[in-house]
Amino acid sequence: MHIRGRPGELFTAYTADMPANADLSHIFEQMSKILELTGANPFRVNAHGKVARILADLTVDVSQLADDPAKLTAIDGIGEASAKKIVEYLKTGRVKERDELLKEIPKGLLEVMEIPGLGPKTVKLMWERAGVTDVETLKAKLNTGELAQLPRMGTKTVQNIKESIEFIALSGKRIRLGEALPVATQIVERLRGVKGTKQVECAGSLRRGKETIGDIDILASTANPEALSRAFQAMAGVVKVLAAGETKSSVRLDTGIQVDLRVIDEESFGAALMYFTGSKQHNVLMRERAIKKDLRLNEYGLFADADRETEAPQSRGARPVAARTEQEVFAALALPWVPPEIREDRGEFELTSTPNLIDLSDIKAELHAHTVASDGKMTIDQLALEAKARGFHTVAVTDHSKSSAQANGLSADRLRDHIQDVREANQRVKGITILAGSEVDILADGRLDYDDKLLAELDLVIASPHSALRQDPTAATKRLLKAIKHPLVHILGHPTGRLINRREGLQPDINALIEAAVECDTALEINANYLRLDLRDTHIRAAVEFGALLSINTDAHSPDHFDFLHYGILTARRGWLTADRCINAWSRQRLKDWLKSKR
DNA sequence: GCCGTTTTCGGCCCGACTGTTTTCAGTCG
């Protein structure tokens, strides 16, 4: 899935908020599930699931591609049949095949399939042989003992299903990056302290820096696997041990987070780290790549043995071609080392060298921070000293504007005084440049919250949406475009206003915003607060592709919020951002010149 | 259903763990 073009046309395609994309993705996902349940060809099931994923990742509105089916089939993974269904949906609002499929099963069964431990085979069996049609009938029949009569259905399985139902009722949602990473770091530290332990690393979607994660994956090598597994299962917060094998243990914490530990030989640590880091789709392509080279890739290494009829090579004592480090394995497959954050099957297999993605140490300026003047906890001086302690050359004071009354936004008069205070602080505090800025509300119609005369007095203007976050996409696009094109605006702050797991936010035509941002030399923010991560990874990728400037900011309200930068960096890396496109990584002078160019 | 630097047909990634079995199916990642 890698197509280039201009914004608004076909181009590398990555996620989006277009309703048609989301609807179609859901439809294909549903068809995949029903096909699986009715025992269709697994590859057909998989193909539908893949189309669902592609549609969810697309940044262009799929309806813009539908005038010519060739544009659709040009996308890797979408063939004639899927293209037809997409076109059918856009024309009629339905997909006939999906309607037919829905008639084949009780709708509640799809929900039953979501229960951990229950797959298509079991659900089908329970439906056909015990009359289970939804979660409610399942619950009832679990209690009557009726289900235990089914083949391969013992008391343990029944108990596990009961517990799984309770569990999804309690948690359900994926955990945010900023909530999972501190937990994982603590576990990794703890396991590193266990005697005999050699290496412990985080893998999975957490290592890839995804905005939300399903569970925490940890990899370790040790001279004493039993001790490590015991220590893992005995950790504070463990409420249930879900699995406890020789190489894999799995526990659930009181917070509802599931943590998996894999114990791996030192010799195959790299291969295993790669394998358990994923993504799934990236791994599939890596293994296919191995097969094409007459090699076989698994979590034990890359082996010179493509014969899948035989016993696994590691079981026969075969020596791997590469296994100890990820670098070795990538190199043996004629690939540069790919940073974990971009292992998503979004074009990484076309790389000829490791991209120089932005790093935490590149960031030299914080351009979005609040003080006690609005809703922050720091004084101007405290903010400046914290930024200085983080090694920054510049910090901007950007308190809220008057319409953000809930955040004690500054009236025009208060802002004038505040600017003066910042100027004085800039004289007083040595070793850092303090900019007088404002996070100005973008009103629902796109007007800004201060007049131009006042805005012109500021060194830096971030314009952000804070209200009317449910307006329709067309209005949202118009509103944000107006802010981007405003000659006094430097940065568009948290463009969609989304809150992960809590609020969808605006759904503007992101490509239109990017195009305008490039044209007007306005930077788009990557808000590093883990609740926001706005822009999101796929939007960043599109912005990077079209040469927009980006600004990674923590939106700090207190000193510890500076730590959010890590999440912003991970997200930026997922969007393939390099330091030269990020204004926070520029030198003091270059940044100053750029800010001046808008005055 | 999708795809093609040996293919328009015949393939499609790989292994661990659990619970039920007595040799393995189902699920998961």
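These numbers come from a predicted model, not from an experiment.

Help me understand the nonpolar core, please; the structure alone is not making it clear to me.
General note: in soluble globular proteins, nonpolar side chains tend to be found buried as a group. Of all hydrophobic cores here, the largest spans 97 residues; its most connected members are I434, L524, I552 and L577. Considering each element in turn, this core owes the most residues, seven residues, to helix α10 (residues 177–192). Here this core spans two domains, since at least three of its residues come from each of domain 3 (175–263) and domain 5 (360–596). With residues near it in sequence (within four places) discarded, L524 still touches I484, L492, I514, A517, L535, A543, A548, L549, L550 and S551. By size, the runner-up hydrophobic cluster in this structure holds 48 residues, among which are L35, A52, L138 and I161.

Quick question: what am I supposed to make of the sheet that holds strand β2 (residues 197–202) here?
Sheet strands pair via backbone hydrogen bonds, and the direction of the pair is either parallel or antiparallel. Pairing is mixed across the open sheet formed by five strands, whose spatial order is β2-β4-β7-β6-β5. Looking at the sheet topology across the chains shown, the edges are occupied by β2 and β5 (238–244). If you compare each strand with its neighbour and ignore which way they point, the axes differ by 20° on average. Sheet analysis places β2 next to strand β4 (residues 216–222), joined by five bridges and oriented antiparallel. Residue T197 lies in a different strand from β4, and its bridge partner there is T222. With respect to the sheet, helix α12 (residues 225–233) is in contact with β2, β4, β5, β6 (248–253) and β7 (258–263), its orientation differing from that of β7 by roughly 175°. Across the face of the sheet, helix α13 (residues 269–277) comes into contact with β2, β4 and β7 while running at roughly 175° to β4.

Looking at this structure, I do not really get the domain arrangement of chain A. What am I missing?
By a frequent convention, interface size equals the accessible area lost on bringing the separate parts together. Domain boundaries assigned for chain A yield domain 1 (19–104), domain 2 (108–170), domain 3 (175–263), domain 4 (268–350) and domain 5 (360–596). On a C-alpha basis, the centres of domain 4 and domain 5 stand 41 Å from each other. When domain 4 packs against domain 5, the two sides together hide about 670 Å² of surface, and 47% of this comes from carbon and sulfur. There are three salt bridges connecting domain 4 and domain 5. Across the pair D537 and R346 runs a salt bridge, and its minimum N-O distance is 3.6 Å. Linking domain 4 to domain 5 there are three residue pairs in polar contact (both at pLDDT 80 or more). Among the residues making up the side of domain 4 that touches domain 5, the classes are represented as two nonpolar, one polar and four charged.

Looking at this model, I keep getting lost on the packing of helix α1 (residues 19–37) against helix α5 (residues 96–104). Mind explaining?
For any two helices packed against each other, the geometry is given by the interaxial angle and the distance between the axes. Following both chains from N to C, one finds α1 and α5 inclined at 40°, their axes separated by 10 Å at the closest point. With respect to each other, α1 and α5 are oriented oblique. Classified by chirality, the crossing of α5 by α1 is left-handed. In contact with H26, I27, Q30, M31, I34 and L35 of α1, α5 contributes E97, R98, L101 and L102.

Help me understand the packing of aromatic side chains, please; the structure alone is not making it clear to me.
Think of a pair of aromatic rings as described by two things: how far the centres are apart, and how the planes are tilted against each other in angle. According to the stated counting rule, one finds six aromatic pairs in the structure shown. Consider the rings of Y530 and F564, whose centres lie 5.5 Å apart with planes at 90°: the pair is edge-to-face. Highlighted residues: Y530 in the loop between β15 (523–527) and α21 (537–545) and F564 in the loop between β16 (549–553) and α22 (565–574), separated in sequence by 34 residues. Comparing Y530 with F564, the two get one shared label, buried. Joined through ring pairs, the aromatic side chains of Y530, F564 and Y567 make up one cluster. The lysine or arginine in question, R541, covers the ring of W576, its NZ or CZ lying 3.9 Å from the ring centre. Positioned over the ring face of W586 is R590, at 3.9 Å from the centre of the ring.

What counts and what doesn't
- The numbers attached to residues start from 1 for each chain and follow its sequence in the written order.
- The order in which chains are written sets their letters, starting at A; the order in which ligands are written sets their numbers, starting at 1.
- Only residues with pLDDT of at least 70 get local features here, since the model is predicted, and only at 80 or more are side-chain atom pairs given and counted; chain-wide, interface and lining totals rely on the full set of residues.
- Each side-chain value is derived from all of the structure's non-hydrogen atoms; neither hydrogens nor water enter the calculation.
- To qualify as a nonpolar core, a set must consist of buried Ala, Val, Leu, Ile, Met, Phe, Trp, Tyr and Cys residues joined through side-chain atoms within 4.5 Å.
- Type-normalised accessible area, obtained with a 1.4 Å probe on protein chains alone, sets the label of each residue: buried when under 20%, exposed when over 50%, and partly exposed for intermediate values.
- Numbering of helices and strands starts at the N terminus; helices are DSSP runs of H or I of at least 4 residues and strands are runs of E of at least 2.
- As used throughout, domain bounds are those supplied by an automatic or database domain assignment.
- A contact between two residues is defined here by any heavy atoms of the two lying within 4.5 Å.
- We call two strands paired when DSSP finds no fewer than two bridges between them.
- Note on geometry: axes are C-alpha line fits, over the in-contact stretch for helices, and angles between N-to-C directions span 0 to 180 degrees.
- For any pair of parts, buried area is found by adding up, for both, the accessible area (1.4 Å probe) each one loses once the two are put together.
- By definition here, a salt bridge exists when the distance from a side-chain nitrogen of Lys or Arg to a carboxyl oxygen of Asp or Glu is within 4 Å.
- For the purposes of these results, a polar contact is taken to be a pair of N or O atoms within 3.5 Å, where, inside protein, one atom must be able to donate a hydrogen and its partner to accept one; residues adjacent in sequence count only when each atom of the pair is a side-chain atom.
- Residue type decides the class: Asp, Glu, Lys and Arg count as charged, Ala, Val, Leu, Ile, Met, Phe, Trp, Tyr, Cys and Pro as nonpolar, and the leftover types, Gly among them, as polar.
- Any angle from 65 to 115 degrees is called roughly perpendicular, while one under 35 is roughly parallel, one over 145 is roughly antiparallel, and all others are oblique.
- Crossings are classed by handedness, with left-handed meaning an anticlockwise turn of the near helix from the far one by less than a right angle and right-handed meaning a clockwise turn.
- Pairs were defined over the aromatic rings of Phe, Tyr and Trp, the Trp ring being its six-membered one, requiring ring centres within 6.5 Å. Orientation was assigned from the angle between planes: stacked under 30 degrees, edge-to-face over 60, tilted for the rest.
- Charge-over-ring contacts are defined here by two conditions on Lys NZ or Arg CZ: a distance within 6 Å of the ring centre and an angle within 35 degrees of the ring normal.

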